[in-house]
Amino acid sequence: MQDHAQHIHHAGHPDRATGHSDHGSGGVSWAMAARATLHCLTGCAIGEILGMVIGTAFDWGNVPTMILAIVLAFFFGYTLTLRSVLRAGVDFRTAFRVALAADTLSIAVMELIDNGVIVLWPGAMDAMLSDVLFWGALAISLAVAFVVTTPVNKWMIGRGKGHAVVHRYHH
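What you see is a predicted model; the values in this text were computed from it and never measured.

On to the environment of Ala95. Position of Ala95 relative to the elements: it lies in helix H3 (residues 92-120). The class of Ala95 is buried, set by a relative accessible area of 0%. A sequence separation of 12 residues divides Ala95 from Arg83, and the C-alpha atoms of the two residues are 8.4 Å apart. If we ignore the near neighbours within four places in the chain, the residues touching Ala95 are Leu82, Val85, Leu86 and Val90.

Turning our eyes to something else, we now look at the packing of helix H1 (residues 30-57) against helix H2 (residues 62-87). Put simply, H1 and H2 touch, their axes get as near as 7 Å, and they point 145° apart. For the pair H1 and H2, the crossing hand works out as right-handed. Here His39, Thr42, Gly43, Cys44, Ile46, Gly47, Glu48, Leu50, Gly51, Met52, Ile54 and Gly55 of H1 come into contact with H2, specifically with Thr65, Leu68, Ala69, Ile70, Leu72, Ala73, Phe76, Gly77, Leu80 and Thr81. Counted by class, the contact of H1 with H2 contains 12 nonpolar, nine polar and one charged residues.

For the rest of this paragraph, the subject is the layout of surface pockets. Taken as a whole, the largest pocket holds about 330 Å³ of empty space. Residue lining of the largest pocket: 19 residues in total, with Thr56, Asn62, Thr65, Met125 and Ala127 positioned closest to the centre. Those elements giving two or more residues to the lining of the largest pocket turn out to be H1, H2, H3 and helix H4 (132-158).

With that out of the way, let us pick up the nonpolar core. With 24 residues, the main nonpolar core has Cys44, Val85 and Met110 as its most contacted residues. Those elements that provide at least two residues to this core are H1, H2, H3, H4 and helix H5 (163-167). Counting residues per element, this core draws most heavily on H3, at six residues. Beyond its immediate sequence surroundings of up to four residues, Met110 is in contact with Thr37, Cys40, Leu41, Cys44, Ala145, Phe146 and Thr149.

The subject of this paragraph is a nonpolar patch on the surface. A cluster of nonpolar side chains, Leu86, Phe92, Phe96 and Leu100, forms an exposed patch at the surface whose accessible area comes to about 340 Å². Here the element with the most residues in the nonpolar patch is H3; it accounts for three residues. Topologically, Leu86 is positioned in helix H2.

Further remarks concern the side chain of Thr37. Topologically, Thr37 is positioned in helix H1. By relative accessible area, Thr37 is classed as buried at 0%. A polar contact of 3.4 Å, which involves the side chain of Thr37, links it to the side chain of Thr150. If near-sequence neighbours (up to four positions away) are discounted, Thr37 is found in contact with Met110, Phe146, Thr149, Thr150 and Asn153.

Moving on, we come to the confidence of the model for the protein. This prediction gives the protein a mean pLDDT of 82; 82% of its residues lie at or above 70. Taken together, the stretch residues 1-25 has pLDDT below 50 and engages in 55 contacts with residues farther than four places along the chain or on a different chain.

Definitions and cut-offs
- Residues numbered from 1 in each chain as written.
- Predicted model: local features only at pLDDT ≥ 70, side-chain atom pairs only at ≥ 80, totals over all residues.
- Heavy atoms only, no water.
- Helix = DSSP H or I, 4+ residues; strand = E, 2+ residues; numbered from the N terminus.
- Buried < 20%, exposed > 50% of the residue type's maximum accessible area, 1.4 Å probe, protein only.
- Contact = heavy atoms within 4.5 Å.
- Axes fitted to C-alpha atoms, helices over the stretch in contact; angles between N-to-C directions.
- Left-handed = near helix turned anticlockwise from the far one by under 90°.
- Nonpolar A, V, L, I, M, F, W, Y, C, P; charged D, E, K, R; others polar.
- 1 Å grid on protein atoms, 1.4 Å probe; cavity = no way out; pocket = protein on both sides within 12 Å on 5 of 7 lines; lining within 4 Å.
- Points joined across faces, edges and corners; volume = space filled by probe spheres on them.
- Core = buried A, V, L, I, M, F, W, Y, C linked by side-chain atoms within 4.5 Å.
- Patch = residues over 30% accessible without salt bridge, like charges linked within 9 Å, V, L, I, M, F, W, Y side chains within 5 Å.
- Areas by Shrake-Rupley, 256 points an atom, 1.4 Å probe, with all protein chains shown as cover.
- Salt bridge = Lys/Arg side-chain N within 4 Å of Asp/Glu carboxyl O.
- Polar contact = N/O pair within 3.5 Å; in protein donor to acceptor, adjacent residues only side chain to side chain.
- pLDDT = per-residue confidence, 0-100.

As structure tokens, then:
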């Protein structure tokens, strides 16, 4: 699991070696954006899978199961960030606001793409947990969501938004 504390440099803060800032300069690396997106993907995947397992176990229909999966994706996405910011010694209220600011757009884009792929994939909505189609469509939908969300995160971090907000608490 990717941890925010492992990030070495972030947009908006001067580079210690050069004194230059990436804030708004487009100097955010694709690797940094990919790490932020992978963090988001981790929370989203946990929530998506848990929501689908619960919905299937209770024999819910597609819509309630998908709603639960999306709610849990946001919950776990925010929770991973919240945990990281709290570890930096920030109070809960501030950490909660940071998690909302850091992850909302990223998770929303990821969920839109992920669920869009599942809805449009023939038969995926009706696949059972024991079906290869279920896991294959889920894996591909998450991969597509990762590819689409990474440039969004790169853009946000480059403007001091998204995961750049989290980095302010890890010096």
